[in-house]
Amino acid sequence: MSPTIQFDAEGQLKHFLTIEGFTQAHLTKILNTAESFVSMSQQQVQKFPLLRGKTIVNLFFENSTRTRSTFELAASRLSADVLNIDIATSSTKKGESLLDTIRTLEAMHIDMFVVRHALSGAAHFIAQHTSPHISVINAGDGQHAHPTQAMLDMFTIRQHKPDFSQLKIAIIGDILHSRVARSQIQALNILGAKEVRVIAPQTLLPAQVETLGVTAWHDMELGLNDIDVIMMLRLQTERMNSAFLATESEYFKCFGLTTEKLKLAKPDAIVLHPGPINRGLEIASEVADGKQSLILQQVNNGIAVRMAILSLAMQAQGI
Ligand code: NCD
């Protein structure tokens, strides 16, 4: 997939489909823009007129709680009109093709699609086929990418540990099926993280995972040593078409994050998880609800980071 489609002729963000192809300066601009929305919200400014008169369509072909609602809140705080298409009751259920759905919505003079789809490449496909004035934001496509999630994770890390060049990060769990992990790895490498480790059973690692810019570990006891940031992942059982695990209890014993295992990382290590979390499967409740956990802060940061991405993408349209 060509990342160049993401920028307009002036080099402005047009679509946000993948972290690939972004520079450190691009990512820092997104983080700084999100930071300014957080500061303004702290001064009781909740609504900004930046996208007044614009219409954003949330097109979610897969279930979502956090991503969809924070996109919706982000759009409404920027004063855009938001259209949530409920795919379960839409015409796609009557056999309408993706392109016909897009054309139908385009006829309503919309300005942006926020797309989640089970197929890798779906958001890219829409960006290639939609009218030139429309921006497309990828809210998760198959196992490929989830760039806005990676950016809110980077934002949350930066709030606590601002210098990426000092950080050793461990991403733990179902790397194989995770679009989040792919985008996180790209973002961490672009932002200059000192070391990115993935810790997982061999069956849940993609082939040649090192080529993504990580080191691979199969043992939490070793892999957590000296770690500043722990990023847990959900077991994506809905994407597993054969047996990837012995048993769930065995998985939790080896790769679940418990209070004891957390002690193997640095004492001030922070814990992230994109959600939804499976308590007792990949993370113990005491850790998920504990002092080092930033899971709910990630959700909250999703609003400011998505406001940043929506407003930057609309700038390419000359707002
Ligand atoms: C992630 C997703 O949908 O890819 N969740 C999210 O966006 N908050 C991760 C997951 O579903 O496990």
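Residues numbered from 1 in each chain as written. Predicted model: local features only at pLDDT ≥ 70, side-chain atom pairs only at ≥ 80, totals over all residues. Heavy atoms only, no water.

Before going further, it helps to spend a moment on the site of the ligand. Every residue close to the ligand is listed here: R66, T67, R116, H146, Q149, R179, V180, R234, Q236, P274, G275 and P276. Contacts to the ligand include R116, whose side-chain N or O atom sits 3.0 Å from an oxygen atom. Q236 has a polar side-chain atom sitting 2.8 Å from an oxygen atom of the ligand. Computed on the free molecule, the ligand has an accessible area of 310 Å², of which 94% lies beneath the protein chains in the complex. Secondary-structure elements contributing two or more residues to the shell around the ligand are helix 2 (66-77) and helix 6 (179-190). Split into classes, the residues belonging to the shell around the ligand amount to three nonpolar, five polar and four charged. (Near = heavy atom within 4 Å. Polar contact = N/O pair within 3.5 Å; in protein donor to acceptor, adjacent residues only side chain to side chain. Areas by Shrake-Rupley, 256 points an atom, 1.4 Å probe, with all protein chains shown as cover. Helix = DSSP H or I, 4+ residues; strand = E, 2+ residues; numbered from the N terminus. Nonpolar A, V, L, I, M, F, W, Y, C, P; charged D, E, K, R; others polar.)

Let us look at the sheet that holds strand 4 (residues 135-141). Pairing is parallel in the open sheet, where four strands are placed in the order 2-1-3-4. Only two strands of the sheet have a single partner each, and these edge strands are strand 2 (81-86) and strand 4. In this sheet, adjacent strand axes meet at a mean angle of 15 degrees when their direction is disregarded. As paired elements, strand 1 (residues 55-60) and strand 3 (residues 112-117) share five bridges and run parallel to each other. Its bridge partner being in strand 3, V57 is matched across the sheet by F113. (Pairing = 2+ DSSP bridges. Axes fitted to C-alpha atoms, helices over the stretch in contact; angles between N-to-C directions.)

Quick look at unusual backbone geometry now. Looking along the chain, the bond that leaves G275 and enters P276 is cis, with omega of -5 degrees. Tracing the backbone through its elements, the reader meets P276 in the loop between strand 9 (270-272) and helix 10 (285-288). Of note in this structure, H109 is not a glycine but carries a positive phi near 60 degrees. With respect to the helices, strands and loops of the structure, H109 is situated in the loop between helix 3 (98-106) and strand 3. For H109, a relative accessible area of 65% translates into the label exposed. Although it is not a glycine, Q208 sits at a positive phi angle of roughly 50 degrees. Following the sequence through the fold, Q208 ends up in the loop between strand 6 (195-199) and strand 7 (215-217). The class for Q208 is exposed, based on a relative accessible area of 63%. (Buried < 20%, exposed > 50% of the residue type's maximum accessible area, 1.4 Å probe, protein only.)

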